[in-house]
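Geometric and topological summary
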Amino acid sequence: SNYYHGEVLVDVLNEIGFDGFVIGNHEFDWGIDVIGEYRDGDETNGELNHPVLAANIVYEDTQSPLEFTQPYYIEEFDGVRVGVIGLIGLVMDSIAASRTENIEFLDPVLTAAQYAETLRTEEDVDIVAVYMHGGSYDNTDFANLTGDQRIDAMFNGHTHQDERTYIERNGLD
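Definitions and cut-offs
Residues numbered from 1 in each chain as written. Predicted model: local features only at pLDDT ≥ 70, side-chain atom pairs only at ≥ 80, totals over all residues. Heavy atoms only, no water. Helix = DSSP H or I, 4+ residues; strand = E, 2+ residues; numbered from the N terminus. Rg over C-alpha atoms; globule rule 2.2 N^0.38 Å. Contact = heavy atoms within 4.5 Å. Areas by Shrake-Rupley, 256 points an atom, 1.4 Å probe, with all protein chains shown as cover. Lys, Arg positive; Asp, Glu negative; His and termini not counted. Charge placed at Lys NZ, Arg CZ, Asp CG, Glu CD. Buried < 20%, exposed > 50% of the residue type's maximum accessible area, 1.4 Å probe, protein only. Arc of directions from axis to C-beta.

In terms of helices and strands, the protein chain carries four helices and eight strands. Counted from the first residue to the last, the protein chain has its helices and strands arranged as α-β-α-β-β-β-β-β-α-β-α-β. Expected size for 173 residues packed as a compact globule is a radius of gyration near 16 Å; at 16 Å, the protein chain falls within 12% of this value. Principal axes of the C-alpha set define a box for the protein chain whose edges measure 50 × 35 × 35 Å. A separation of at least 24 residues holds for 69% of the contacts in the protein chain among residues at least 6 apart in sequence. Per element, the accessible surface of the protein chain, about 9,800 Å² overall, is 47% carbon and sulfur. Measuring between centres, the 7 positive side-chain charges of the protein chain sit 8 Å from its 35 negative side-chain charges.

This part takes up helix α1 (residues 7-16). Working note: α-helix, 3.6 residues per turn, so residues spaced by three or four point in the same direction. Those residues of α1 not exposed but buried are V10, L13 and N14. Down the axis of α1, the sector holding all buried residues measures 100°, keeping them to one side. Residues E15 and I16 are exposed on α1 and point more than 90 degrees away from its buried face. Tucked into the core, α1 has its buried residues touching β1 (21-22). G17 occupies a position one or two residues after α1 and carries a positive phi of about 85°.

Any functional reading would require information that these geometric values do not contain.
Here's what the structure looks like:
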């Protein structure tokens, strides 16, 4: 991966049929623009065939999202619409400061709340899931969101540990 700046992983992710890819700390290892090249439409430099999710990563000067990303995607399963929000968690201390020039990381919980509400009120989804590159230590904050901002499921990755947890909300796990 280091030798080809992740291009071999692009091929693997495409082959396994990923539905979406969430930006994490290692996507900044060679500069975030390298990941952008995998969504630039140029097949000669490798091309992801699924969206790159980054709801809470924006350019600091414009507050606009990275041009090759989107905040969420929607899948439908037997008539059930599922909205998936992609976030980077609080892992910025594992990214070299020189790799995040003009990049701002928005609060993941507030960002999730905003997009969950959009998904429920404008996109008519039934279930909202968050895929987050970050540990599960903040999941209670996500579980405390209610109403149209409610998060139904969290999927975390970053800690390299097998974790399964349930958080009680309104008497339900």
